[in-house]
Amino acid sequence: MGFDELRALLARHVREDATTDIAGLHIARADRVGPPTTSMSGTVLAVLAQGAKRLALGDRLYEYRPGTYFVASVDLPVTGHFTEIGPDHPALGLALALEPTAIAELLLRAGPGDLPRPAPAAPPGIAVGEMSPELLDALIRLVRLLDRPRDRGVLAPLVTREILWRLITADQGGVVRQLGLADSSLSHIARAVRWIREHYAEPFRVEDLARRTGMSTSAFYRNFQSVAAMSPIQFQKQIRLQEARLLLAAHPHDITGVGHRVGYDSPSQFSREYRRRFGVPPSQDAAHLHGRTGTAATVLP
């Protein structure tokens, strides 16, 4: 059974908006291979029961498919596209939100020797791991509860806890464990990531941002590069351009205004960096984007 059952469950329960009746669980479907798109990863576990997806974060490349899982412990800008799919063979997958408080509670309950020793350096913010039979079984049992409304309220939180435990003790468990540690290197970088996302239009000095996280400049820069696969300034640029693309979909005739809103004083620099990032100038991309709507598949990183 395994992935055959998961595939059948996902196909039966997928909705256009990707929501389900279980908190934090989304189910998505993609019917065709499209051009690469950029989105924020969220803090999430993502699993495909059919199809595959390739992702890029900075200069790092990832791919996940049935038999593997994708996990993100920091909300990072990733560029990706689905592969190996078609109208008769769609991509089917699920995404489960990772809650830091739930992970922290499990870490507190873990006994001595239950968890691997932490690595000395900050783990990357995203990773792909091998799916264990135990993790797959727990995921199937969680999705089965969509057919059992009477059991769902009681059992779904319990199965979700089991899934989190399987993750934090798996081969990429260090990525997930850091999400529940309030004073981990990754949590400091996550705070910096949130600050940049909330103030992406403002200039900043790396030294000042390091001070906000309570780290030395050198340690902050090294850990940020390890987690995000790019420098803080490169991260800000990606967020600016991603936000600009969203704004252009709604305001396709205000190229200069959009560039200014996301932090560019120079229209020519905005146009140059936008084209370098998305392959076309903002005016051309705006005309293409206007009126387009997203698909449920965007919930999968």
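Before reading on, note that the structure itself is shown above.
The structure contained in this document is the topic of the report that follows. (Residues numbered from 1 in each chain as written. Predicted model: local features only at pLDDT ≥ 70, side-chain atom pairs only at ≥ 80, totals over all residues. Heavy atoms only, no water.)

**Topic: the side chain of D285**
Thought 1: With respect to the helices and strands, D285 occurs in helix α12 (residues 282–289).
Thought 2: Among the polar contacts listed, one links the side chain of D285 to the side chain of R245, at a separation of 2.7 Å.
Thought 3: A polar contact is formed between the side chain of D285 and the side chain of Y274, at a distance of 2.5 Å.
Thought 4: The residues contacting D285, other than those within four sequence positions of it, are R245, Y274, F278 and V280. (Helix = DSSP H or I, 4+ residues; strand = E, 2+ residues; numbered from the N terminus. Polar contact = N/O pair within 3.5 Å; in protein donor to acceptor, adjacent residues only side chain to side chain. Contact = heavy atoms within 4.5 Å.)

**Quick word on the environment of P149**
Thought 1: Relative to the helices and strands, P149 is located in helix α4 (residues 149–168).
Thought 2: Separated by 16 residues in the primary sequence, P149 and P133 have C-alpha atoms spaced 26 Å apart.

**Some details on the sheet that holds strand β8 (residues 91–97)**
Thought 1: Pairing is antiparallel across the open sheet formed by five strands, whose spatial order is β1-β8-β3-β6-β9. Edge positions in the sheet fall to β1 (25–30) and β9 (126–130), since each has one partner strand and no second. Within this sheet the neighbouring strands show an average axis-to-axis angle of 20 degrees, counted without direction.
Thought 2: Judged from the six bridges that link them, strand β3 (residues 44–50) and β8 form a sheet pairing that is antiparallel. In the sheet register, V44 faces β8, and the bridge partner there is A97.
Thought 3: In this fold helix α3 (residues 133–144) packs onto β1, β3, β6 (68–72) and β8, with an angle of close to 90 degrees to the strand it touches most, β8. (Pairing = 2+ DSSP bridges. Axes fitted to C-alpha atoms, helices over the stretch in contact; angles between N-to-C directions.)

**Section: the pairing of β8**
Thought 1: In terms of burial, β8 is largely enclosed, as six of its seven residues are buried.
Thought 2: The pairing of β1 with β8 spans six bridges and is classified as antiparallel. Counted as the bridge partner of H26 is A95 from β8. (Buried < 20%, exposed > 50% of the residue type's maximum accessible area, 1.4 Å probe, protein only.)

**A short note on the nonpolar core**
Thought 1: Formed by 54 residues in total, the largest nonpolar core has its most connected members in F220 and F224.
Thought 2: If you look at the next biggest cluster of nonpolar residues, it comprises 39 residues, including A138, L139, V159 and I168. (Core = buried A, V, L, I, M, F, W, Y, C linked by side-chain atoms within 4.5 Å.)

**Regarding the packing of aromatic side chains**
Thought 1: A complete count under the given rule lists seven aromatic pairs for this structure.
Thought 2: Ring centres of F220 and F224 lie 5.7 Å apart, and the angle between their planes is 55 degrees; this geometry places the pair in the tilted category. With a gap of four residues between them, F220 and F224 both fall in helix α8 (residues 217–228), about one helical turn apart.
Thought 3: The class for F220 is buried, based on a relative accessible area of 0%.
Thought 4: For F224, a relative accessible area of 0% translates into the label buried.
Thought 5: Between the NZ or CZ atom of R240 and the centre of the ring of Y264, over which it lies, the distance is 5.7 Å.
Thought 6: Taking NZ or CZ as reference, R245 lies 4.8 Å from the ring centre of F278, over its face. (Phe/Tyr/Trp six-rings, centres within 6.5 Å; stacked < 30°, edge-to-face > 60°. Lys NZ or Arg CZ within 6 Å of the ring centre and 35° of its normal.)

Structural measurements only, silent on function.
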